[in-house]
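Examination of the molecular architecture
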Amino acid sequence: MPETGFDNLVGLEIGEVINNAFSQDGITMPTPVQELAIPAILAGKHTVLHSGTGTGKTLGYLLPILQRLQNPSQGRCVVMTPNPELAMQSFHVANRYKAEQITTAAVTPNVTQQRQKQRLTKNTRLVVGTAGRILELYSKKKMKNVTTIVLDEPDPILTSKGGAFLREVLSRPEPKVQLIIATATLGPQTEELIEDVMGDHFVMVKPYQNPLNTHIDHHFIGVKNEMGKDVCLARFLEENKCKRAIVFANQPNVIRHLYRYLTEHKLKPAT
């Protein structure tokens, strides 16, 4: 089995599943975030991963958690996110890197109650989902034996209507949980939570790295009306010879229209 930079991280075990996933994903070395976070999380310490988008925070907390979950006595881990997209992203990464015996479940608004019951049992070791749905399960006393809680981008969670209940969950004396926070920004609500729950007993992972947005050129394109956006988008992609691009749209009908329009212009979109 070829060695990677991960082999030098204290306590981390690189099994065949992880090694194969590294190879498929082209990962050969840990990022600075992962170098600092993985040993701390394996040691059971409260940990804050404060770093920009694209710096490896998700694997930074998932790799040590998945390793610990191979031990049945480690209880259950919950990963809360502010939106379904981030939840499913983390869920897919977890399934890619986990050992076969670790059972997982996704809990998001688009999962029906019936499907949720089928996926989430008392033996499910890793639960990933939106904070609203997971806190709903907490209120129904369906989240027992949780020993680790991850808040991925907690600012929107803490300012939502479930924020107060989340704080109440984290303040409970039993069971004691390891709290892990992964975020690109530390808002006042998150800083207050860190102080209240972690106190001085946590590891701050904040390596010096150039933020991802320093490597991005920004362009502003003025459009006279809504109907002209698709034309401007297609023209921009063609004129700049974009080999690959991500287009964000916030309405299903807009996504469908852009897909048809870009297909007609031979730009080969995918959804």
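One can find the structure itself at the top, above this paragraph.
This report concerns the structure included in the present document. Counting restarts for each chain, with residues numbered from 1 along the sequence as it is written. Selection of residues for local features in this predicted model requires a pLDDT of at least 70, selection of side-chain atom pairs for listing and counting requires 80 or more, and totals for whole chains, interfaces and linings are taken over all residues. Remark: hydrogens and water are excluded; side-chain values derive from all non-hydrogen atoms of the structure.

Some points on the packing of aromatic side chains
Rules: Pairing of aromatic rings covers Phe, Tyr and Trp, the last through its six-membered ring, and needs centres within 6.5 Å; plane angles under 30 degrees mean stacked, over 60 mean edge-to-face, and all others mean tilted.
What the rule picks out here adds up to two aromatic pairs. Put simply, the rings of Phe6, Phe22 and Tyr97 pair up and form one aromatic cluster.

Focus: the side chain of Gln178
Which entries qualify depends on this criterion: Numbering goes from the N terminus for both helices and strands, where a helix is a DSSP run of H or I of at least four residues and a strand is a run of E of at least two. Counted as a polar contact is a pair of N or O atoms within 3.5 Å, where, for protein atoms, one must be capable of donating a hydrogen and the other of accepting one, and residues adjacent in sequence contribute only when both atoms are in side chains.
In this structure, Gln178 sits in strand S6 (residues 178–183). One polar contact links the side chain of Gln178 to the main-chain carbonyl oxygen of Lys45, over a distance of 2.7 Å.

Quick word on unusual backbone geometry
Applicable threshold: When a residue's accessible area, from a 1.4 Å probe over protein chains only, is under 20% of the maximum for its type it is buried; when over 50% it is exposed; and in between it is partly exposed.
With an omega dihedral of -10 degrees, the bond running from Glu174 to Pro175 counts as a cis peptide bond. Within the fold, Pro175 resides in the loop between helix H8 (163–170) and S6. At Glu153, a position not held by glycine, the phi torsion is positive, near 60 degrees. Secondary-structure assignment places Glu153 in the loop between strand S5 (146–152) and helix H7 (154–158). Note on Glu153: relative accessible area 21%, which makes it partly exposed. The phi torsion at Lys266 lies on the positive side, around 60 degrees, for a residue other than glycine. The residue Lys266 is located in the segment after helix H11 (252–264) in this model.

Observations concerning the nonpolar core
Stated formally: In these notes, a set of buried Ala, Val, Leu, Ile, Met, Phe, Trp, Tyr and Cys residues joined through side-chain atoms within 4.5 Å is what counts as a nonpolar core.
Counting residues in each nonpolar core, the largest one holds 35 residues, and the members touching the most others are Tyr61 and Leu63. Take this core: its biggest share by element is six residues, from helix H3 (residues 57–68).

Considering the sheet that holds strand S4 (residues 126–130)
Filter applied, for reference: Strands qualify as paired when DSSP identifies two bridges or more between them. For helices, the fitted line uses only the C-alpha atoms of the stretch in contact; every axis is such a line through C-alpha atoms, and the angle between N-to-C directions lies from 0 to 180 degrees.
Pairing is parallel in the open sheet, where seven strands are placed in the order S3-S4-S2-S5-S6-S1-S7. Two strands bound the open sheet, and with one partner strand each, they are strand S3 (104–107) and strand S7 (202–205). Neighbour to neighbour, the strand axes of the sheet diverge by 15 degrees on average, direction disregarded. Alignment of S3 against S4, held across four bridges, turns out to be parallel. Bridge pairing links Val107 to Gly129 in S4.

Details of the pairing of strand S2 (residues 76–81)
Counting buried residues in S2 gives six out of six residues, a clear majority hidden from the surface. As judged from the five bridges shared by S2 and S5, these two strands associate in the parallel manner. Paired with Arg76 across the two strands is Val146, which belongs to S5. Two elements, S2 and S4, share five bridges in a ladder whose sense is parallel. By the bridge assignment, Val78 is partnered in S4 with Val127.

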